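Coordinates in review
This is what each chain is made of:
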Amino acid sequence: MLTDFYELTMANGYLSKGLEETRANFDLFFRDIPDGGGYAIMAGVEQLIHYLKDLSFSEEDLDYLHSLNTFSEAFLDYLRHFKFSCDVWAVREGRPIFPGEPIVRVRGPLMQAQLIETMLLVTINHQSLIATKSARIVRAAEGRPIMEFGARRAQGYDASVLGARAAYIAGVAGTSCTMASRQFGIPAMGTMAHSWVQSFSSEYEAFKAYAESYPRNCQLLVDTYNTLHSGVPNAIKCAREVLKPMGQRLVGVRIDSGDLTYLSRKTREMLDQAGLKDCKITVSNSIDEYLLRELLHQGACIDSFGVGERLITSSSEPVFGGVYKLSAIEQEGRFVPRMKISDNPGKITNPGEKDLWRLYNRDSGRAEADLITLDGETIDENKALEIFDPLHTWKRKTLNNFRAERLLEPLFRQGRLVYQNPSLEEIRAFCKTELGTIWEETKRLENPQTYYVDLSQKLWDLKQSILEKFSRL
């Protein structure tokens, strides 16, 4: 029932016109990369599979729909006996993806393919957005751990839990969200809030109590009152008077406010002078990839970052913008291409049943370009391949020493699950590996090199023929 109402009204109409068994092909793709970045990260496939695998309508659902006096009894009966029977393909989770590419493809009865639109979009859009933002933040940290701290600022329960999952795919070290940790096995991270420090008679007593409770992993929040004149000195005192007699070391301190560059550098000096060179410094406080980069550029002494609201909401650009469009429909036993045409060139779609390939240079291992082809086209790796920009067709390149990999993997065949979900750790490792195949110029935070997504000659010819046909109307 998590569907836009017009999907139900259209399905009811398809049934009334005898189109319930007419097959169609839909593509899910996105138009722009958030934050002007050079790449996005595919995420949410596991939840998409769970949804489609269990898709059904309860009697309570049907009673509600009946009460609206909008749908025929025949349609409600169709939903009562609903059985998903589409073919579904998707790009593997963790893989870099680019605008215009069919990252999910659905082929099957028109009514079914239409009904699942909203759930597919909300699933892929949300997690791909958070994974993409997280990848930018992880990259800016230059190897320093990022802890996802956004549970309380997420836009809803699912956004908190699934956002943590997406962030972990993209490389964050752990999460503050206990439910995400339990459900997905993501390392749970967190120590204390300012309220802990304020609950005791003094800052030192608060630190002492925490050290006695967690001697093997004592990390202290030092900015409740005055970071340099109170917090850090009391942390050092706690390390000497409480932890050292127990044979333990102060693991770290966290700074959550103020000038993080200045405070982290002064804190590092004080810790080092006290013989606590192994004590790590963590900072938090509305951090994103740009502030993080500036902190490091200014020489901040920071070992790890806690990143919350700006990651879990992707606050700088909180919409991924994936869309789901019809690209072919069955007529007289064969699929006929369909294409959305618009005065806005960015909204013109690619017609037909399609496949997606990534072309890797065999020497460097780097991805050279992606190629969208018509379904059934093959790529001969032993022959030179000319690719071209679909908008600026004079821009061409010939690839000789390349490897072609098909990116759309089958998830369902006639409604039957045929895909084995990898573990979250496998997805995370895969994401790291695949990001390593993308050129550094494409991974710049600002003004990245545009990655090429080209059309095969056959697909380009088909698209141009349709455009020419409708331009005469």
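Everything that follows concerns the structure shown earlier in this document.
Described below are features of the structure shown in this document. Here, residues in each chain are numbered from 1, in the same order as that chain's written sequence. Totals for whole chains, interfaces and linings use all residues, but because this is a predicted model, local features are given only for residues with pLDDT of at least 70 and pairs of side-chain atoms are given and counted only at 80 or more. Just so you know, side-chain values use all the structure's heavy atoms and leave hydrogens and water out.

**Let's talk about the overall build of the protein**
Counting secondary structure elements, the protein contains 16 helices and 21 strands. With the C-alpha coordinates of the protein rotated into their principal frame, the extents come out at 85 × 60 × 40 Å. Each of the 473 residues in the protein was classed as buried or not, and the buried ones make up 52%. Of the contacts made within the protein by residues no fewer than 6 positions apart, 73% connect residues no fewer than 24 positions apart. For the protein, the accessible area works out to roughly 22000 Å², and carbon and sulfur atoms hold 48% of it. The averaged location of the 63 negative side-chain charges in the protein is 4 Å from the averaged location of its 57 positive side-chain charges. Where helices and strands are cited, they refer to DSSP runs of H or I of at least four residues and of E of at least two residues respectively, numbered from the N terminus. Only protein chains enter the accessibility calculation, which uses a 1.4 Å probe. A residue is then buried if its area is under 20% of the maximum for its type, exposed if over 50%, and partly exposed in between. Here, residues are in contact when the closest pair of their heavy atoms is within 4.5 Å. Shrake-Rupley sampling with a 1.4 Å probe provides the accessible areas, and residues are treated as covered by the protein chains on show and by no other component. In summary, the charge assignment counts Lys and Arg as positive and Asp and Glu as negative, without counting His or the chain termini. Note on charges: their place is set at NZ of Lys, CZ of Arg, CG of Asp or CD of Glu.

**Focus on the environment of Ile116**
In this structure, Ile116 sits in the loop between helix H5 (110–115) and helix H6 (117–140). In this structure the C-alpha to C-alpha distance between Ile116 and Asp4, which are 112 residues apart in sequence, comes to 9.4 Å. If we skip the residues at most four places from it in the chain, Ile116 touches Tyr51, Leu52, Leu55, Phe84, Val106 and Tyr324.

**Let's talk about the sheet that holds strand E8 (residues 219–221)**
Reading across from one edge, E7-E6-E11-E10-E9-E8 is the order of the 6 strands in this open sheet, with parallel pairing throughout. The strands lining the two open edges of the sheet, one partner per strand, are strand E7 (174–175) and E8. Of the strand pairs in this sheet, strand E6 (residues 146–148) and E7 are connected by 2 bridges, and their pairing is parallel. The residue bridging Met147 from the neighbouring strand is Gly174, located in E7. Note on method: axes are straight lines fitted to C-alpha atoms, helices fitted across the in-contact stretch only, with angles between N-to-C directions ranging 0 to 180 degrees. Along the sheet face, helix H12 (residues 260–273) touches strand E9 (252–255) and strand E10 (280–283) and points at about 155 degrees away from the line of E9. The criterion for strand pairing is that DSSP finds at least two bridges linking the strands in question.

**With respect to the nonpolar core**
We call a set of buried Ala, Val, Leu, Ile, Met, Phe, Trp, Tyr and Cys residues a nonpolar core when their side-chain atoms join them within 4.5 Å. Counting 130 residues, the largest nonpolar core has Val104, Leu120, Leu220, Leu250 and Phe305 as its most contacted members. For this core, the element with the highest residue contribution is H6, accounting for 10 residues. The contact partners of Leu250, leaving out residues within four places of it in the chain, are Cys218, Leu220, Ala235, Ala239, Leu243, Leu276 and Cys279. Listed in part, the 10 residues of the second largest apolar core include Ala369, Leu371, Ile387 and Ala404.

**Regarding the pattern of salt bridges**
Definition used for salt bridges: Asp or Glu carboxyl oxygen within 4 Å of a side-chain nitrogen of Lys or Arg. Enumeration according to the criterion identifies 34 salt bridges in this entry. For the salt bridge of Arg144 with Glu142, the shortest nitrogen-to-oxygen distance reads 3.9 Å. A relative accessible area of 27% means that Arg144 is categorised as partly exposed. Assessed through its relative accessible area of 60%, Glu142 is described here as exposed. Between Arg293 and Glu446 there is a salt bridge; the shortest N-O distance is 3.0 Å. Placement of Arg293 in helix H13 (residues 289–297) and of Glu446 in the loop between helix H15 (424–435) and strand E21 (453–455) is noted, with a sequence separation of 153 residues between them. What you see here is one network of salt bridges that share partners, running through Asp87, Arg105, Arg107, Glu353 and Asp375.

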